[in-house]
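Notes for the structure review
Chain by chain, the residues run as shown.
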Amino acid sequence: MKVFIVGLFFAHLGIRQAGAQLRCGSSQHREVMLRNHPELAETFQQINSFVGRQAAPSGQPAAGAKDESSVIKIPVIVHVLYHTQEENIPDEYINQQLDALNRDYRRLNSDSVNTPACFRAVATDTHFEFQLAQVDPQGRATTGIERVYTPVTYWQVDDKMKSSAQQGADGWDARYYLNIWVCNMRDVLGYSSMPGEPLNVDGVVIETNVFRNSGESGRYGLGRTAVHEIGHWLGLYHTWGDRDCGDDLVADTPTQATFTSGCPSGIRLSCQNAPTGDMYMNYMDYTDDPCMNLFTKGQSSRMRALFNPGGARYSILSSKALGIPTVSEIPSPQEGPRWLFPRLYPNPAHTQVILDLKYDARWVGRELQITSLSGQILKRIVIHATVVSIDISDLAPGIYVLHGQKPGTSLVQKLVKLP
């Protein structure tokens, strides 16, 4: 335990010195869970023993294991927790992220050509695919996306975002869904539960700003934080085993001393792993997104073993989340709290009013209109900032309506002009 804590401290320090959040908080989360629930140690050991029996040391499936060429489809529910409108990410980003998962887990990534020659023989298509759920736990149609306003401005590695009682969002039945919470994380880019943890906290948490595949060349722009964290959800450990020259329980990933940051090149030797050196381009290391490009056959076999009869993820295979809804009811649209909407003050007013739109910068550039109660347009105002002053000195005393329209919402405010 001491070795782990010291190692984690220096890993955290190294990432901080690199000017970024800690890439992954899964080890931290697992250790906290073990302290709070000591019985999990036996559960983890049983799962690892089960997986070890299912997957042969070579990374090939043992007798009776699930066919490695069959595609396992994972139903996904994305819980978007937002405090500001910018955190309420669009569907486009969510679809980009799902595309990135399918790209990397199916080894369709164009940068697979960058896998070093010494590792190409073990790099593989894991035959996992991820789809947004089409049916919710009540049998109703769903988009697979839940949007929840929260007064919480940022979250930590403590699972509170997984509970509506803690101003987060309750997970859907984790036996049949992969729950992903997207929220503002201060200290880490993401973290995941491991198979065997309590169902109410089972799933993956990803920081809002890295939950997408922007296609940019930045450190975390290719959606691979989620690829990494879902690897943990599927039972993988970090390639260095979270300790100096540790064991990740996978035979075809070389033993390495510790995590790798940045975007290295060439052979990096550690832990007597010549001639190949560290597999720092593996998705379960800490390298930047543009420098990750493979899962191995051994990792694939380990992940897929969880879906064999008796495995910790076997119930996913009987999920109805990708089927046809059995209930005709459609969930009602979700809205933010009323106080988040545009503020107009003072109202009534004599000569000017202030329109506060700072919760949603997408109003900038839009036109607003002041009309009479009969609908006659009296003034047009182009919004040039999120807080604007509107001159109403030329209006006659009376009651008016301030109108605005943008994709997804409209603005209608009563305005009272005083003498």
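Notes on the structure in this doc start here. (Residues numbered from 1 in each chain as written. Predicted model: local features only at pLDDT ≥ 70, side-chain atom pairs only at ≥ 80, totals over all residues. Heavy atoms only, no water.)

Considering the pairing of strand 6 (residues 204–207)
How we decide: Relative accessibility under 20% of the residue-type maximum defines a buried residue, over 50% an exposed one, and the middle range a partly exposed one, all with a 1.4 Å probe and only protein chains included. Strands here mean DSSP runs of E at least two residues long; helices mean DSSP runs of H or I at least four residues long; both are numbered from the N terminus. Whether two strands pair comes down to DSSP finding at least two bridges between them.
On strand 6, burial covers both faces: V204 and I206 on one face and V205 and E207 on the other are all buried. Strand direction decides the pairing type here: strand 4 (residues 178–183) and strand 6, joined by four bridges, are parallel. Residue pairing across strands places I180 opposite V204, the latter belonging to strand 6. Across three bridges, the pairing between strand 5 (residues 190–192) and strand 6 is antiparallel. Along strand 6, the bridge assignment pairs G190 with I206.

Re the environment of I74
Note the following rule: A contact between two residues is defined here by any heavy atoms of the two lying within 4.5 Å.
Tracing the sequence through the fold places I74 in strand 1 (residues 72–82). As a C-alpha pair, I74 and A133 span 59 residues in sequence and 8.7 Å in three-dimensional space. Contacts of I74, omitting those with residues within four sequence positions, involve F128, E129, F130, Q131, L178, W233, F307 and I316.

Observations regarding the pattern of salt bridges
As a reminder, the rule being used: A side-chain nitrogen of Lys or Arg and a carboxyl oxygen of Asp or Glu constitute a salt bridge if their distance falls within 4 Å.
All chains considered together, the criterion is met by 16 salt bridges. Note that R224 is salt-bridged to D104, the shortest N-O span being 2.9 Å. In this pair, R224 sits in helix 5 (residues 224–233) while D104 sits in helix 4 (residues 91–105), placing the two residues 120 residues apart along the sequence. For D104, a relative accessible area of 2% corresponds to the buried category. As a salt-bridge pair, D111 and R224 come within 2.8 Å of each other at their nearest N and O atoms. Separated by 113 residues along the polypeptide, D111 in the loop between helix 4 and strand 2 (128–132) and R224 in helix 5 bring together distant segments of the chain. According to the relative accessible area criterion, D111 is buried, its value standing at 13%.

In short, the description is geometric, and any link to function would need to be established separately.
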